Amino acid sequence: MTLVSGKIRTNGIDQGIDMLLVPSSLTSQSRNLLHPSTAGILTLLVLALPQRTWAGIKQEKLLAQFNHLTSIDNLPTPLQLEVLHLRRQVVN
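A.B. asks: For this particular structure, what's the right way to read the overall build of the chain?
C.D. replies: Looking only at helices and strands, one finds three helices and two strands in the chain. For the chain, the proportion of its 92 residues judged to be buried stands at 26%. Excluding contacts between residues fewer than 6 apart, the proportion of contacts in the chain whose partners are at least 24 apart in sequence is 45%.

Here is the structure:
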């Protein structure tokens, strides 16, 4: 498991967040699961942003794509829970 801490600026206010990254399978032979990539961390942070983040996009098709890409509906349950936890930290 890896703990990642950072700050997110929302409406001009800095907010600290902590994210616990848990590998999808602790029994995997791959050591890379224990050390998430920068891309993986950034993906989680983007998923954690409130959906209203994209509300300023005027092109309907592009907005629909962003909403689809940032939807957590099809993610594994542990990842959904982590994203929801991060969203609560961003909002509070």
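A.B. asks: Looking at this structure, I do not really get the environment of Val-90. What am I missing?
C.D. replies: Within the secondary structure layout, Val-90 lies in helix 3 (residues 77–91). The sequence separation of Val-90 and Asp-14 amounts to 76 residues, and the corresponding C-alpha distance is 9.4 Å.

A.B. asks: Honestly, the side chain of Gln-80 in this entry has me stumped. Any pointers?
C.D. replies: Along the polypeptide, Gln-80 turns up in helix 3. A polar contact is formed between the side chain of Gln-80 and the backbone oxygen of Leu-75, at a distance of 3.0 Å. Not counting residues up to four positions away in its chain, the partners in contact with Gln-80 are Ile-72, Asp-73, Asn-74 and Leu-75.

A.B. asks: Before we go on, may I ask you to explain helix 1 (residues 38–48) in this structure?
C.D. replies: Residues separated by three or four positions in an α-helix point in the same direction, a consequence of the helix having 3.6 residues per turn. What helix 1 keeps buried is the set Ile-41, Leu-44, Leu-47 and Ala-48. Mapping the buried residues of helix 1 onto a view down its axis gives an arc of 125 degrees, with all of them on the same face.

A.B. asks: Where do I start with the packing of aromatic side chains in this structure?
C.D. replies: Each aromatic ring pair is specified by the distance between its two centres and by the angle formed by the two planes. Tallied over the full model, the rule gives one aromatic pair. With 4.9 Å between their ring centres and 35 degrees between their planes, Trp-54 and Phe-66 make a pair best called tilted. Of this pair, Trp-54 sits in the loop between helix 1 and helix 2 (60–69) while Phe-66 sits in helix 2, and the two are twelve residues apart along the sequence.

A.B. asks: Looking at this model, I keep getting lost on the confidence of the model for the chain. Mind explaining?
C.D. replies: Predicted coordinates in regions of low pLDDT should not be interpreted in detail. Residues of the chain with pLDDT of at least 70 account for 71%, and the chain-wide mean is 76. Note that pLDDT drops below 50 for residues 26–31; the model gives that stretch two contacts with residues more than four away or on any other chain.

A.B. asks: I'm lost on the environment of His-85 in this one. Help?
C.D. replies: Mapped onto the secondary structure, His-85 falls in helix 3. His-85 sits 37 residues away from Ala-48 along the chain, and the two C-alpha atoms are 8.3 Å apart. In terms of polar contacts, His-85 uses its side chain to reach the side chain of Gln-89, at 2.6 Å.

A.B. asks: Explain the environment of Leu-79 here, please?
C.D. replies: Checked against the element boundaries, Leu-79 lands in helix 3. Looking at Leu-79, the relative accessible area reads 29%, which means it is partly exposed.

So, how was this worked out
Residues numbered from 1 in each chain as written. Predicted model: local features only at pLDDT ≥ 70, side-chain atom pairs only at ≥ 80, totals over all residues. Heavy atoms only, no water. Helix = DSSP H or I, 4+ residues; strand = E, 2+ residues; numbered from the N terminus. Buried < 20%, exposed > 50% of the residue type's maximum accessible area, 1.4 Å probe, protein only. Contact = heavy atoms within 4.5 Å. Polar contact = N/O pair within 3.5 Å; in protein donor to acceptor, adjacent residues only side chain to side chain. Arc of directions from axis to C-beta. Phe/Tyr/Trp six-rings, centres within 6.5 Å; stacked < 30°, edge-to-face > 60°. pLDDT = per-residue confidence, 0-100.

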